[in-house]
Structure formats: structure tokens, C-alpha cells
Amino acid sequence: MSEEYREPLEPQEEAEEQEGEFQVIWQKTFQIGDVGETVRTGAAKTAYAVKNAKAYTALKWDIMDLQTRRKRKLLLVGKLVYATHAGRPTDSDLLQEALQQVDTVTKELRQKEADLARLCGVRFCPGCGSSEAVSHVYCSRCGRKLTEED
């Protein structure tokens, strides 16, 4: 017989033993709760990372598209200027329109690049162009106060 004989417990002793067992169960449940909280926190961080990865990829794609559009617009400007140089006059309105398109695409490209930098935790000083952490209030190179838009 491997089981040990135990005397019947008095009601008070039995209640204390059950309370002790309850405390052990409660502690284990609490530990599982900590694990659950850790899992929930990890899942939230993962969801945030996926969301940022999606935004990062979308911005990179937009930037590549804008760079391609800008190159095509600049190529058109170059062809128009060269045609004028080669003795085939170019309509100045056509050249002006092409230059305005380059300006528009360049502005949009710079905005997307700034959005990407901000997503990566970087922004640029409008005074000197230095890259700064988003948490910085002043430029580390020139001392200019950085605004939210920078």
C-alpha cells in the first residue's frame, strides 16, 4: 500500500486546507492571466508592425511611381529644350506646362518621402536639410526649432 492513511480533519482544518488549495489555484490562474496579457500585448505589437509594414510598402511603391513619372517629365523637358537648341522652335506654352508638371510631381514626391521618413522615425530640418529624429524639438546641426510639418 503506497497510500498514506490520514486522520479525518476537523471542519476548521478542512476549511483551511481547502483555502490553501484555492490559493494555489488562484496563483496559477493569475500566472496564466499574465501570460494572456503578454500574448495580447505581443499580438497588438505585431498588428502595429504589420500596419506599419503595409504603410511603408505603399509609400515606397508611390515613391517609385512618382520618381518614374518625374523622370519621364524631365525627359520631355529635355527633348523640348534640345529641339529649340537644334533649330526647331518649341512652343513656350508647351515647355511651361511640362515644367509645371515636373514641379507638381516633384512636390508630391517630396511629400511622400517626408511621410516615409516620418513613418521610419526621421524628419528633415527645413533650414539645413539635416535628418533628425521625430522626437527632436530642435535641429542638432543649425538649432532651428522643428515643427510638426517638418
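Right, let's walk through the structure included here. (Residues numbered from 1 in each chain as written. Predicted model: local features only at pLDDT ≥ 70, side-chain atom pairs only at ≥ 80, totals over all residues. Heavy atoms only, no water.)

A full pass over the atoms with the stated rule returns 3 salt bridges. Between Lys-112 and Asp-62 there is a salt bridge; the shortest N-O distance is 3.3 Å. Of this pair, Lys-112 sits in helix 2 (residues 92-119) while Asp-62 sits in helix 1 (residues 11-85), placing them 50 residues apart in sequence. A relative accessible area of 22% places Lys-112 in the partly exposed class. Close ionic contact of Arg-110 with Glu-113 constitutes a salt bridge, the shortest N to O distance being 2.8 Å. (Salt bridge = Lys/Arg side-chain N within 4 Å of Asp/Glu carboxyl O. Helix = DSSP H or I, 4+ residues; strand = E, 2+ residues; numbered from the N terminus. Buried < 20%, exposed > 50% of the residue type's maximum accessible area, 1.4 Å probe, protein only.)

With respect to the secondary-structure elements, Asp-91 resides in the loop between helix 1 and helix 2. For the pair Asp-91 and Leu-80, spaced 11 residues apart in the sequence, the C-alpha separation amounts to 8.6 Å.

This part is about the nonpolar core. In terms of nonpolar packing, the biggest core is built from 6 residues, these being Leu-59, Ile-63, Leu-66, Val-105, Leu-109 and Leu-116. When contributions to this core are tallied by element, the ones reaching two or more residues are helix 1 and helix 2. (Core = buried A, V, L, I, M, F, W, Y, C linked by side-chain atoms within 4.5 Å.)

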